[in-house]
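Read off the chains here:
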Amino acid sequence: MSIAHKETTMETRITTTTAARPTAVTSPGGGPRRGVNREGLEAGKRSTRTILWILLAASLVLYGFPFVYLLLTSFKTPIDTIAVPPTILPKEWTVVNYMNALGRGGVVASIINSVQTAVISTLLSLLLAVPAAYGITRYKTLSGRVFIMAALVTRMVPPVAIGIPLASMMASVGMSDTPIALAIAHTTISLPLSIWLMSSFFEAVPRDLEEAATVDGCSRLGALWRVVVPVVSGGIAVTAIFAFLASWNEFLFALLMTAIRSQTTPVVIANFQTQFGLDWGSMTALAAVYSIPVILLTLLLQRKIVAGMTLGAVKG
Amino acid sequence: MSSRKTISRLVAIGGICTAVVLAATGCGAGGPAASGSTASNTINVLVEAGGHAELAGVADVCKKETGIEANFVELPYEGLFNRLSSEFSSGNVSFDVAALDSVWIPSFKDAVQPIDELFTDEAKKDIFPALVKEANVNGHFIGMPAWTNAEIILYRKDLFEDAKNKADFKAKYGYELAAPTTWKQYQDISEFFTKDGMFGTDVKGAVETEWLAHVLQAGSPMVLDDKNNVVIDNAAHKEALDFYTSLVKSAPSGAAQVDWAAAQNLFNQGKTAMTRFWAHAYRQIPKDAAVFGKVGAAPMIGGSAGVAGVPGPWYLSVPKATKNSDAAKKFIKCAYDHNDLGIESKLGLAARISAFEKYQDKPGYESFKPLIQTLNAKATATRPATAKWQQIVDTVLTPTLQKAVAGGDSSALLAEAKTKVQALLK
């Protein structure tokens, strides 16, 4: 069987699995048809539908309200940001907070630093996690199992416990206050999770695929690169997102390891809270700006993320 | 588009990104490296974010006068302590001058070098007595005050000057309505203005400094005496705590959770008629606030020992580990010489008496005279010099205060607090 045929088989299998799921049944007019067994928000019973919609709305409010409130606060005047009791909508809309935040010295540099650090950290995580996870899932050895458990254990160590020694080590090798040093530190956070995530994605890929590839003349690495990696590309996207976010939002290591040259934006955002007061408006404005790249990245990779999650969900 | 093409594109984009990023990483985006340990005319100054503005003007002048360029590393308050701890303990510092909160002096006293030569007789006369005492550790001066603060009384001038309020107050309490100078007056005025949805004052249960100022006013050292005996259960502490909790009925509910930010908000929103607050807040009232232009300032109130406050100074210190000591000390000397420049900053504070006096009669600086009086008061004292102070505050003083403002028995709470503080100091 050719590799292309095998890929098609895999895609068909996933499509079949997806197709087997209950889907909304619509009438020719587009509305749901009565008497058909439907699930989720398209459920036939009105009470079920109502409950589900309420739950959905509650979840949306729970997750979305803090960000919406942050966004609205960023457009409030200084006195409006500290109103007692708090108000949701600004009494007077202003962009002065954005001007203050972005005009503050070091903010633009910090955003560049954040991008540098997060990209390097994500690439490092993927470069290490993909082969590690592949090895663990394909060669089911005792050492592999110990390794993956050990990777999990490192997630349980409080970052502050390794932050200070790591900062000293970086300083001793002349790498203090550099994005690369911070990226390495961030990789220690994201790597264990990346390995675990990638392991679950590799588990979902049938061995038959690689065997077919090797029969067709591929080496093991060739099969990994030409067959397995394309199949788990959604999983790689999911892992990349998690690794990127872990670095993008990280605060403690950035606090301990950066100074003038490589300070990242989370530290700058925190600097709006001083011993003498809290500049809510500027803080929320910069936080809103800082969240834009992540939102865009998530939207851009949305299809890959969903595909990756589906891949993990149908394994076995 | 096939998966393989997608992967190829991602790899290509990733490769380009990596190359660009790694190339850019060589110099970073923020400026020069924070090496901090090589002798040069450039120094790194580690400072809390709020204090940066205080030194920015000074740095410009010092560059012109001495040729020393200061790069500031700004960190949030909590993070600054962690950073200082980690770098001092490793012996590898990335800064040449550090701005230290006064409560950190005992913790870092062995990591910074003496700067006795900067404390001339003239300088010692121009710095508030409590600060001169605090900066001197084991016979050496280890930090030059850069700016200081203290709590004063901020009150609603418009309400105090209102004819009806004046008449009603006199009829009820038998004396003229004016800015309070004693505990009794503060209680009366707080009670008087607690009406029609407004409150006379706030009670801050989540921060301990104000209660400790009242302890000084009652004639006792704060928590520890000069021999490090725990005196938190003495009569003055109880008297101060009882006064503090007596104001709860004239304050907004939820006193246990009220901290500096909440109290400042309440006052700026016009919800309270008076507040005991750090002097810098007078100049930070937003122009669109309900109380803008209607606020008066007075010295901190006094108890049996008179007026007293707890100063909140920051000191500039030179780490022992820096190799740039000379430039660092020159910068500190320059910062002292031009200390008044800090007053022009957003925070608007200084450390030298002469700097405050230079501005005290100018419009907009009405809080300076009360601040000078409070800082010069005989009973004013800095916090006890123990490295465990922050721990005592977090684990004993604040919880004790929160229980007290919630209605707890003051004697029992102070006795319990004494045991806990003693255990911490063992």
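Residues numbered from 1 in each chain as written. Chains lettered and ligands numbered in written order. Predicted model: local features only at pLDDT ≥ 70, side-chain atom pairs only at ≥ 80, totals over all residues. Heavy atoms only, no water.

**Structural notes on the overall build of chain B**
- Helix and strand counts for chain B stand at 17 helices and 12 strands.
- Taken across its 426 residues, chain B has 57% of its residues classed as buried.
- For chain B, the share of sequence-separated contacts (at least 6 apart) that also reach a separation of at least 24 residues comes to 76%. (Helix = DSSP H or I, 4+ residues; strand = E, 2+ residues; numbered from the N terminus. Buried < 20%, exposed > 50% of the residue type's maximum accessible area, 1.4 Å probe, protein only. Contact = heavy atoms within 4.5 Å.)

**So, the confidence of the model for chain A**
Residues and elements named next belong to chain A.
- When the pLDDT values of chain A are averaged, the result is 81; 83% of them are 70 or greater.
- For chain A, helix α1 (residues 3-20) is the element with the lowest average pLDDT, namely 40, and helix α13 (residues 265-270) is the one with the highest, namely 94.
- Counting interchain partners and residues more than four positions distant, the pLDDT-below-50 stretch residues 1-33 has 39 contacts. (pLDDT = per-residue confidence, 0-100.)

**Quick notes on the packing of aromatic side chains**
- Taken as a whole, this structure holds 29 aromatic pairs over all chains when the rule is applied.
- Both rings, one in Phe 244 of chain A and one in Trp 248 of chain A, keep their centres 5.5 Å apart while their planes meet at 20°; by these two values the pair is stacked. On the criterion of helical spacing, the pair formed by Phe 244 of chain A and Trp 248 of chain A is a turn pair, its members being four residues apart in helix α11 (residues 233-248). Here Phe 244 of chain A matches Trp 248 of chain A in class, with each residue buried.
- Summarising the aromatic geometry, the rings of Phe 88 of chain B and Phe 108 of chain B are spaced 5.2 Å apart at their centres and angled 55° between planes, so their arrangement reads as tilted. Of the two residues, Phe 88 of chain B is situated in helix α3 (residues 77-90) and Phe 108 of chain B in helix α4 (residues 105-108); the sequence distance between them amounts to 20 residues. (Phe/Tyr/Trp six-rings, centres within 6.5 Å; stacked < 30°, edge-to-face > 60°.)

**Some words on the environment of Tyr 139 of chain A**
Residues and elements named next belong to chain A.
- Among the secondary structure elements, Tyr 139 is positioned in the loop between α5 (107-138) and α6 (142-155).
- The exposure class of Tyr 139 is partly exposed, given its relative accessible area of 43%.
- Among the polar contacts made by the side chain of Tyr 139, one reaches the side chain of Arg 220 at a distance of 3.1 Å. (Polar contact = N/O pair within 3.5 Å; in protein donor to acceptor, adjacent residues only side chain to side chain.)

**A short note on the nonpolar core**
- In terms of nonpolar packing, the biggest core is built from 159 residues, with Leu 84 and Trp 211 of chain B touching the most fellow members.
- Looking at this core element by element, the count peaks at eight residues for helix α16 (residues 389-405) of chain B.
- In contact with Trp 211 of chain B, not counting residues within four places along its chain, are Ile 232, His 237, Ala 240, Leu 241, Tyr 244, Leu 397, Leu 401 and Leu 414 of chain B.
- Counting residues in hydrophobic clusters, the runner-up holds 24 residues, among them Ala 133, Leu 197, Phe 201 and Val 228 of chain A. (Core = buried A, V, L, I, M, F, W, Y, C linked by side-chain atoms within 4.5 Å.)

**Examining the sheet that holds strand β8 (residues 274-278) of chain B**
All names here are of chain B.
- Read from one edge to the other, the open sheet built from three strands follows the order β8-β7-β9, with strand pairing classed as antiparallel. Every interior strand has two partners, whereas the edge strands, β8 and β9 (295-298), have only one. Pairwise comparison of adjacent strand axes, ignoring direction, gives a mean angle of 35° for this sheet.
- Its contacts with the sheet place helix α12 (residues 260-268) against β7 (151-156), β8 and β9, and it is angled at close to 135° to β8. (Pairing = 2+ DSSP bridges. Axes fitted to C-alpha atoms, helices over the stretch in contact; angles between N-to-C directions.)

**A short note on the pattern of salt bridges**
- In the structure shown here, the tally under the stated rule is 23 salt bridges over all chains.
- Across the salt bridge formed by Arg 220 of chain A and Glu 210 of chain A, the nearest N and O atoms sit 3.7 Å from each other. Remark: Glu 210 of chain A occurs in helix α9 (residues 207-215) and Arg 220 of chain A occurs in helix α10 (residues 220-231); sequence separation between them is 10 residues.
- Of the charged contacts, one joins Asp 337 of chain B and Lys 333 of chain B as a salt bridge, the two residues approaching to 2.8 Å between their closest N and O atoms. A residue pair is termed a helical-turn pair when its members lie 3 or 4 positions apart in one helix, as Asp 337 of chain B and Lys 333 of chain B do in helix α13 (residues 325-337) at four residues.
- Residue Asp 337 of chain B is classed as partly exposed on the basis of its relative accessible area of 35%.
- Residues joined in a network through salt bridges with shared partners are Asp 202, Lys 204, Glu 210 and Arg 276 of chain B. (Salt bridge = Lys/Arg side-chain N within 4 Å of Asp/Glu carboxyl O.)

**Some thoughts on the pairing of strand β1 (residues 42-48) of chain B**
All names here are of chain B.
- The buried fraction of β1 is high, at six of seven residues.
- With seven bridges joining them, β1 and strand β2 (residues 69-75) adopt parallel strand pairing. Residue pairing in the sheet places Ile 43 in a bridge with Ala 70 of β2.
- Between β1 and its parallel partner β2, the chain crosses via helix α2 (residues 49-66), and the hand of that crossover is right-handed.
- Here two bridges tie β1 to strand β3 (residues 97-101), and the two strands are oriented parallel to one another. In the strand pairing of β3, Leu 46 is matched with Ala 98. (Right-handed = clockwise from strand over helix to strand, strands pointing away.)

**Remarks on unusual backbone geometry**
Residue and element names in this part refer to chain B.
- The residue Asn 138 is not glycine, and still its phi comes out positive at about 55°.
- With respect to the helices and strands, the residue Asn 138 is situated in the loop between β4 (136-137) and β5 (140-141).
- Phi at Val 223 takes a positive value of approximately 65°, unusual for a residue other than glycine.
- For Val 223, the location among the structural elements is in the loop between α10 (209-217) and α11 (235-246).
- Residue Val 223 is classed as buried on the basis of its relative accessible area of 0%.

**Brief notes about the sheet that holds β1 of chain B**
All names here are of chain B.
- Taken together, the five strands give an open sheet; going across it, the order is β2-β1-β3-β12-β6, and neighbouring strands pair in mixed fashion. The sheet terminates laterally at β2 and β6 (144-147), the two strands that pair on one side only. Averaged over all adjacent pairs, the angle separating strand axes in this sheet is 30°, with direction ignored.
- Here three bridges tie β6 to strand β12 (residues 314-317), and the two strands are oriented antiparallel to one another. Directly across from Trp 147, in β12, lies its bridge partner Trp 314.
- Contacting β1, β2, β3 and β12, α3 crosses the sheet at an angle of about 130° to β1.

**A closer look at a nonpolar patch on the surface**
Residue and element names in this part refer to chain A.
- Judged by side-chain polarity, Phe 67, Leu 71, Ile 292, Ile 295, Leu 296 and Leu 299 come together as a nonpolar surface patch covering roughly 520 Å² of accessible area.
- Sorting the residues of the nonpolar patch by element identifies α2 (46-73) and α14 (280-300) as the ones contributing at least two each.
- Broken down by element, the residue count for the nonpolar patch peaks at four residues, all from α14.
- Here Leu 299 shows up in helix α14.
- The exposure class assigned to Leu 299 is exposed, which follows from its relative accessible area of 53%. (Patch = residues over 30% accessible without salt bridge, like charges linked within 9 Å, V, L, I, M, F, W, Y side chains within 5 Å. Areas by Shrake-Rupley, 256 points an atom, 1.4 Å probe, with all protein chains shown as cover.)

**Here we look at the side chain of Gln 263 of chain A**
- Along the chain, Gln 263 of chain A falls in the loop between α12 (252-257) and α13.
- Under the relative-accessibility criterion, Gln 263 of chain A is labelled buried at 11%.
- A polar atom in the side chain of Gln 263 of chain A sits 3.0 Å from the backbone oxygen of Glu 74 of chain B.
- Beyond its immediate chain neighbours, meaning those up to four positions away, Gln 263 of chain A contacts Ser 110, Asn 113, Thr 258, Val 268 and Asn 271 of chain A together with Glu 74 and Leu 75 of chain B.

**Quick notes on the environment of Leu 182 of chain A**
Residues and elements named next belong to chain A.
- Inspection of the secondary structure puts Leu 182 in helix α8 (residues 179-203).
- Under the relative-accessibility criterion, Leu 182 is labelled buried at 0%.
- Between the C-alpha atoms of Leu 182 and Leu 166, which are 16 residues apart in sequence, the distance is 9.5 Å.
- In this view, Leu 182 contacts Thr 117, Phe 253, Ala 254, Met 257, Thr 258, Ser 262 and Thr 264; residues no more than four positions away in its chain are not counted.

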